[in-house]
Amino acid sequence: MKPEQIWQAALGELQLQMTPATFDTWLRGSRVLAHEEGLFVVGVASGYAKDWLERRLHATIARTLSGIVGRTVEVRFSVSGNDAPAAEPLVGAKVLLPAAEIEVPETPSLNPRYIFENFVVGAHNRMAHAAARAVSESPAGAYNPLFLHGGVGLGKTHLLQAIGNASARQGLRVLYVAAEEFTNDLINAIRTHTTGAFREKYRTIDVLLVDDVQFIAGKDATQEELFHTFNTLHGQNKQLVLSSDRSPKAMMTLAERLRSRFEWGLLVDIQTPDAETRNAILRNKAEALGQSVPAAVLALIAQRVQSNVRELEGALNQVLAQSALLGLPLDEALANRVLANLRPQQRTVSTTSVVAAVAAFYDLTVADLCGRDRSQQIALPRQMAMFIMREETAASLPQIGDALGGRDHTTIKYGYEKLRGLVDTDDKLRREAALIREALYSAK
């Protein structure tokens, strides 16, 4: 087992353990620089990233590595030098792409890997991509603020950082921050009586990018500070871009005056990717890793992992890692095994719980779904129940039919196949299926 293969396996596990903003900002693009007995030296893009990982994630990373190699290991972080052949493009280096060579300026809060040129565009995110491009080309002149919202792992962080990198190339002062980090900075400033320095940091820049802003909901002091920061920057014609897993209206504990400011500019909803885009994302990821992955394996992962890009990439990382570490063929059998292991909870979901969850989601009763009403407002939720039971449980077609009032297995097969096709092409239904799944598993 090569050290780099072990590290890729660790990244696959870590990507599934933490928020996408944390993984993308601090770990994506990291590489093993050196390996001695019981010690991994990991290269990261900046001193800022090195310090953050040592303070916040050292124990988690060491524990994950130890679990993979089967014994206790230590990990150290080092800022990669330009002579490190295995490292990702560094701050101040050039990102090489098939069609362009892009200069990445030194901006410690940004990851130089996230640029528009390697963002996979599909129907689900085309509007968000176009709006982000417009903002990067004309900061504070197009949409101010720009507010991107959507589920976990759909590319919001990538777009925020792409705006930041594009703006930095224009010589603008850019600051990217996760909302949680903004809160922690404020707490430290209050504790150490350095609120002046805090405000200097956040209010004297040209482009402020705030990720995962839903985490400030209910935090009065943070909301107050962000409100005044927003007013100061907006009043000086500076660009603000924010992201959240929900729209401002859906953040019930968000102060009304802050909500109204978030809605001043453009709100864009990012949907879950369709089947074609999921395949494109996986191909792009495999090419970036220098791996030749059979089309059938990519198609299987794209079919089985429908929720978000983060889980797609995590699944691919796991398949590649197991193939390399265990010497197994990179085929559909391996992909099936890895995907089953990633979601062991599938075996514990009952047909009864699925019917109840679908009924609750559509504001129906279990009797409605199990009855004989064939109207559209009942038939579609009933087919959704068929689809989710088939995907999330081990029930056979006849067992699913019994759970829905004694329906014939051919009816169940038709309903499942119909919804399976629609979920791949209809953004609304894909989002509904994801939310029902989330409700099923979060209830356990």
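Starting afresh in each chain, residues are numbered from 1 along the sequence in its written order. The predicted origin of the model limits local features to residues at a pLDDT of at least 70 and limits the giving and counting of side-chain atom pairs to 80 or more, whereas totals for whole chains, interfaces and linings rest on all residues. Side-chain calculation: all heavy atoms of the structure are included, whereas hydrogens and water are not.

Caption draft 1: Layout of the overall build of the chain. Every helix listed is a DSSP run of H or I at least four residues long, and every strand listed is a run of E at least two residues long, numbered separately from the N terminus. Across its full length, the chain carries 20 helices and 10 strands. Accessible area is worked out with a 1.4 Å probe on protein chains only. A residue is then buried under 20% of its type maximum, exposed over 50%, and partly exposed in between. Evaluated residue by residue, the chain yields a buried proportion of 52% over its 444 residues. The contacts of the chain with a sequence gap of at least 6 include a subset with a gap of at least 24, amounting to 70%. With the model as given, the accessible surface of the chain reaches about 19800 Å², and the carbon-plus-sulfur share is 51%. Whether two residues are in contact is decided by their heavy atoms, any of which lying within 4.5 Å being enough. All accessible-area figures derive from a Shrake-Rupley calculation using a 1.4 Å probe, and residue coverage is judged against the displayed protein chains alone.

Caption draft 2: Just the pattern of salt bridges, in detail. Salt bridge criterion: a side-chain nitrogen from Lys or Arg within 4 Å of a carboxyl oxygen from Asp or Glu. Applying the stated criterion to the full structure yields 15 salt bridges. Residue Arg203 pairs with Glu225 through a salt bridge whose shortest N-O separation is 2.5 Å. Placement of the pair is Arg203 in helix H8 (residues 195-203) and Glu225 in helix H9 (residues 220-235), with a sequence separation of 22 residues. For Arg203, a relative accessible area of 17% gives the class buried. Since its relative accessible area comes to 7%, Glu225 is described here as buried. Between Glu391 and Arg437 there is a salt bridge whose closest N-O contact spans 3.9 Å. With Glu391 in helix H17 (residues 376-392) and Arg437 in helix H20 (residues 427-442), the pair connects residues that are 46 residues apart, well separated along the chain. With relative accessibility at 13%, the residue Arg437 sits in the buried group. One salt-bridge network, held together by shared partners, links Arg173, Asp206 and Lys238.

Caption draft 3: Representation of the environment of Phe361 within the structure. Tracing the chain through its elements places Phe361 in helix H15 (residues 351-361). Sequence separation between Phe361 and Ala433 is 72 residues, and the spatial gap between their C-alpha atoms is 9.9 Å. Non-local contacts of Phe361, meaning those with residues more than four positions away in its chain, are made with Glu432, Leu435 and Ile436.

Caption draft 4: Region of the structure containing the nonpolar core. Of all hydrophobic cores here, the largest spans 27 residues; its most connected members are Trp7, Leu27, Leu53, Ile61 and Leu65. If you list the elements that add at least two residues to this core, you get helix H1 (3-17), helix H2 (20-26), strand E2 (39-44), helix H3 (47-56), helix H4 (58-69), strand E3 (74-79) and helix H13 (309-326). Per-element accounting of this core gives the leading share, 6 residues, to H1. Those residues within four positions of Trp7 in sequence are excluded, and the remaining contacts are Leu27, Ser30, Arg31, Val32, Val42, Ile61 and Leu65. The nonpolar core is taken to be a set of buried Ala, Val, Leu, Ile, Met, Phe, Trp, Tyr and Cys residues, with the residues joined through side-chain atoms within 4.5 Å. If you look at the next biggest cluster of nonpolar residues, it comprises 26 residues, including Val358, Ala359, Tyr416 and Leu429.

Caption draft 5: Quick look at the sheet that holds E2. Sheet architecture is open: 3 strands sit in the order E1-E2-E3, paired in mixed fashion. The open sheet has two free edges, formed respectively by strand E1 (31-36) and E3, since each of these has just one partner strand. This sheet shows a mean twist of 25 degrees between the axes of neighbouring strands, independent of strand direction. DSSP bridges decide pairing: two strands pair if at least two such bridges lie between them. Relative to E2, E1 runs antiparallel, the two being bridged by 5 bridges. Here an axis means a line fitted to C-alpha atoms, over the contact stretch when the element is a helix, while the angle between two N-to-C directions is reported on a 0 to 180 degree scale.

Caption draft 6: How the structure looks around the sheet that holds strand E10 (residues 266-270). Overall, parallel pairing links the 5 strands, which are arranged E7-E8-E9-E6-E10 in an open sheet. The sheet terminates laterally at strand E7 (174-178) and E10, the two strands that pair on one side only. Averaged over all pairs of adjacent strands, the angle between strand axes in this sheet comes to 15 degrees, irrespective of strand direction. Strands in contact with helix H7 (residues 179-191) are E7 and strand E8 (207-211); relative to E7, the strand with the most contacts, it is inclined by about 95 degrees.

Caption draft 7: Representation of helix H6 (residues 156-169). In this model H6 runs 20 Å from its N-terminal to its C-terminal C-alpha over 14 residues, within 8% of the 20 Å that 1.5 Å per residue would give. Counting buried positions along H6 gives 13 out of 14 residues, so the element sits mostly inside the fold. Downstream of H6 by a residue or two, Gly171 has a phi angle that is positive, lying close to 85 degrees. What a helix is expected to span follows from its residue count: subtract one and scale by 1.5 Å.

Caption draft 8: Region of the structure containing the environment of Val268. Within the secondary structure layout, Val268 lies in strand E10. Its relative accessible area of 3% is what places Val268 among the buried residues. Look past the residues within four positions of Val268 in its chain and what remains in contact with it is Met127, Ala128, Ala131, Leu146, Phe147, Leu148 and His149.

Caption draft 9: Spatial organisation of the confidence of the model for the chain. Note on scores: pLDDT gives the predictor's confidence for each residue, bounded by 0 and 100. Residues of the chain with pLDDT of at least 70 account for 89%, and the chain-wide mean is 83. The model gives residues 81-105 a pLDDT under 50, and that stretch makes 49 contacts with residues more than four places away or in other chains.

Caption draft 10: Main features of the packing of aromatic side chains. For Phe, Tyr and Trp, rings pair up if their centres lie within 6.5 Å, where Trp contributes its six-membered ring, and each pair is then called stacked (planes under 30 degrees apart), edge-to-face (over 60) or tilted (otherwise). For the structure on display, the rule yields 8 aromatic pairs. Seen in terms of ring centroids, Phe182 and Phe198 are 5.3 Å apart; in terms of plane orientation they differ by 65 degrees. Their pairing is edge-to-face. With Phe182 in helix H7 and Phe198 in helix H8, the pair connects residues that are 16 residues apart, well separated along the chain. Take Phe198: its relative accessible area is 5%, and that puts it in the buried class. Feature note: the residues Phe147, Phe230, Phe262 and Trp264 constitute an aromatic cluster, connected by ring pairs. Here, over-ring charges are defined by two tests on the NZ atom of lysine or the CZ atom of arginine: distance to the ring centre within 6 Å, and angle to the ring normal within 35 degrees. Lying across the ring of Phe227, Arg257 places its NZ or CZ 3.9 Å from the centre.

Caption draft 11: Examining the packing of H1 against H13 more closely. Orientation of H1 relative to H13, taken along the N-to-C sense of each, is 150 degrees, at an axis distance of 8 Å. In terms of axis orientation, H1 runs roughly antiparallel to H13. By crossing handedness, the relation of H1 to H13 is classed as left-handed. Between H1 and H13, the residues in contact are Gln5, Ile6, Ala9, Gly12, Glu13, Gln15, Leu16 and Gln17 and Arg310, Glu313, Gly314, Asn317, Gln318, Ala321, Ala324 and Leu325, respectively. Under this scheme an angle from 65 to 115 degrees is roughly perpendicular, one under 35 degrees roughly parallel, and one over 145 degrees roughly antiparallel; angles in between are oblique. Handedness of a helix crossing follows the sense of rotation of the near helix relative to the far helix, less than a right angle counterclockwise being left-handed and clockwise being right-handed.

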